[in-house]
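Okay, here's what each chain looks like letter by letter:
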Amino acid sequence: METYLPTEIRLDHLLFRFLCASAVMTGRRIVVFPSSAELGPVLTHLVTSRAEKAITSHGRFTLGLSGGSLVSMLSKELLALPQLDCSKWVVGFCDERLVSFSDPESTYGVYKSQLFSKINIPDSGILTIDSSLPVTECAEDYTRKLKEAFPGEDFPVFDLLLLGMGPDGHTCSLFPDHPLLEETKKIVASISDSPKPPPQRVTMTLPVVNSARCVAFISTGGSKATVLKEVLEGGKASPYPAARVVPTNGELFWLIDDPAAAALTIQVERPGAGTKL
Ligand SMILES: O=C1O[C@H](COP(=O)(O)O)[C@@H](O)[C@H](O)[C@H]1O
């Protein structure tokens, strides 16, 4: 039996269903903002909306964080929210550099000083590497921590992964032409020859990234424009690690600014004020 709805609500409902369907059909949404000032609030909406959905459905929100330019943008935006309850968050790192936590290159270290120390996330909800271990043992130790945090899952299924992309097309610590791109069994891999310093890192593998319920790339600045065109318009044959991120059952967002989008010729979304994902 069809429920009666006023015309405007039926149209909204149809539009909503259309947008959902087109997102599924295209498999990804590329959303371009004039600058990171407009991108930031939409990113926080994505985080808080997926957190609410996850906590309602399974009692916690599992979030994978990347380093680099994302750290300060995300920290600033989350801390600007009037209310942020992170008591049910479990945070892991999409990749981490093998340096001491006090080193400015430590992704955990910078999140700790810019974000974790200012929110109510419990220490037990932050899955860190043991930076005192040699790199292969560090990856094994981090694998064990993820397996404990995601019991019964062959590959951990994160509610949301926030990824960056370097100007060479790398994401996490998965670099172009590196054998780690072919990894199919490990959850976490070590790398000792990262072309971007520091050379020793641990990284989630592509099977983990592609198992997530939602993956969002945040990419800003003109230095990303050339590679972004290759990644987003290069088709299935694109050799760039970022192009290999295609969640099997999850959502994929590319949140980018105008300078990063400068070379794109494909259709993108240009949201207005108050856009929510
Ligand atoms: O080295 C890294 O780089 C990427 C990209 O960083 P960005 O500063 O160009 O946004 C980052 O996503 C990754 O976590 C980090 O280890």
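Calculation rules
Once a new chain begins, its residue numbering starts again from 1 and follows that chain's sequence as written. Whole-chain, interface and lining totals are the exception, using all residues; otherwise, since this is a predicted model, local features are given only for residues with pLDDT of at least 70 and side-chain atom pairs are given and counted only at 80 or more. Note that the side-chain values use all heavy atoms of the structure and ignore hydrogens as well as water. The salt bridge definition used is simple: a Lys or Arg side-chain nitrogen within 4 Å of an Asp or Glu carboxyl oxygen. Helical segments are the DSSP runs of H or I of at least four residues, strand segments are the runs of E of at least two, and each set is numbered from the N terminus. Whether a residue is buried, partly exposed or exposed follows from its accessible area with a 1.4 Å probe, protein chains only, as a fraction of its type maximum: under 20%, in between, or over 50%, in that order. Any residue with an atom within 4 Å of a point lines the site, the site being either a cavity, points on a 1 Å grid over the protein atoms alone where a 1.4 Å probe fits but cannot get out, or a pocket, an open set with protein on both sides within 12 Å along at least 5 of 7 lines. Grid points are joined across faces, edges and corners, and a volume is the space filled by probe spheres set on the points. Throughout, the ten residues Ala, Val, Leu, Ile, Met, Phe, Trp, Tyr, Cys and Pro are labelled nonpolar, Asp, Glu, Lys and Arg are labelled charged, and all others, Gly among them, are labelled polar. Angles run from 0 to 180 degrees between N-to-C directions of axes, and those axes are lines fitted to C-alpha atoms, restricted for helices to the stretch in contact. Every angle not falling under 35 degrees, over 145, or within 65 to 115 is termed oblique; those three ranges are roughly parallel, roughly antiparallel and roughly perpendicular. By definition, any crossing whose near helix is turned counterclockwise from its far helix by less than a right angle is left-handed, and any crossing with a clockwise turn is right-handed. Any pair of residues with heavy atoms lying within 4.5 Å of one another is described as a contacting pair. At least two DSSP bridges between two strands are needed for those strands to be called paired. UniProt positions are given in the numbering used here, feature names are shortened, and annotations may be inferred rather than shown by experiment.

Trainee: Now, about the pattern of salt bridges: what can you tell me, with residues and values included?
Mentor: Tallied over the full model, the rule gives 12 salt bridges. Taking the shortest distance from any N to any O, the salt bridge between glutamate 251 and arginine 50 comes out at 3.0 Å. Remark: arginine 50 occurs in helix H2 (residues 36–58) and glutamate 251 occurs in strand E9 (residues 251–257); sequence separation between them is 201 residues. A salt bridge links aspartate 141 to lysine 145, with the nearest nitrogen and oxygen atoms 3.0 Å apart. In this pair, aspartate 141 and lysine 145 are both assigned in helix H5 (residues 135–149), 4 residues apart and thus about one turn of the helix distant. Overall, aspartate 141 belongs to the buried group, its relative accessible area being 12%. Among the ionic contacts, a cluster of salt bridges with common partners joins Asp141, Arg144, Lys145 and Glu148.

Trainee: Report on empty space enclosed by the protein, specifying residues and quantitative values.
Mentor: Counted under the stated rule, the structure contains 1 cavity of 30 Å³ or more. Of the voids in this model, the largest cavity is the one considered here, and its volume is about 30 Å³. Of all the secondary-structure elements, those providing two or more residues to the lining of the largest cavity are helix H3 (70–79) and strand E8 (214–219). Class assignment of the residues belonging to the lining of the largest cavity gives a composition of 3 nonpolar, 3 polar and no charged.

Trainee: So what about the packing of H3 against helix H4 (residues 107–114)? Which residues, and what values?
Mentor: Direction vectors running N to C along H3 and H4 enclose 25°, while the axes themselves pass 10 Å from each other. When the interaxial angle is binned, H3 and H4 end up roughly parallel. Helix-helix and strand crossings are classified by hand; for H3 and H4 the assignment is right-handed. On H4, the residues that touch Leu70, Val71, Ser72, Leu74, Ser75 and Leu79 of H3 are Val110, Tyr111 and Gln114.

Trainee: Describe the sheet that holds strand E4 (residues 95–97), naming the residues involved and giving the relevant values.
Mentor: The strand order E4-E7-E6 describes an open sheet built from 3 strands, whose pairing is antiparallel. Edge positions in the sheet fall to E4 and strand E6 (188–191), since each has one partner strand and no second. Averaged over all neighbouring strand pairs, the angle between strand axes comes to 15°, with direction disregarded. Here E4 runs beside strand E7 (residues 201–204); their pairing, made up of 3 bridges, is antiparallel. Bridged to glutamate 96 within E7 is valine 202.

Trainee: Provide a residue-level description of the UniProt feature "domain: Glucosamine/galactosamine-6-phosphate isomerase" (unreviewed entry) in the protein chain, including the pertinent values.
Mentor: UniProt tags residues 36–254 as "domain: Glucosamine/galactosamine-6-phosphate isomerase" (unreviewed entry). Helix makes up 32% of residues 36–254 and strand 16%. Its end C-alpha atoms lie 13 Å apart.

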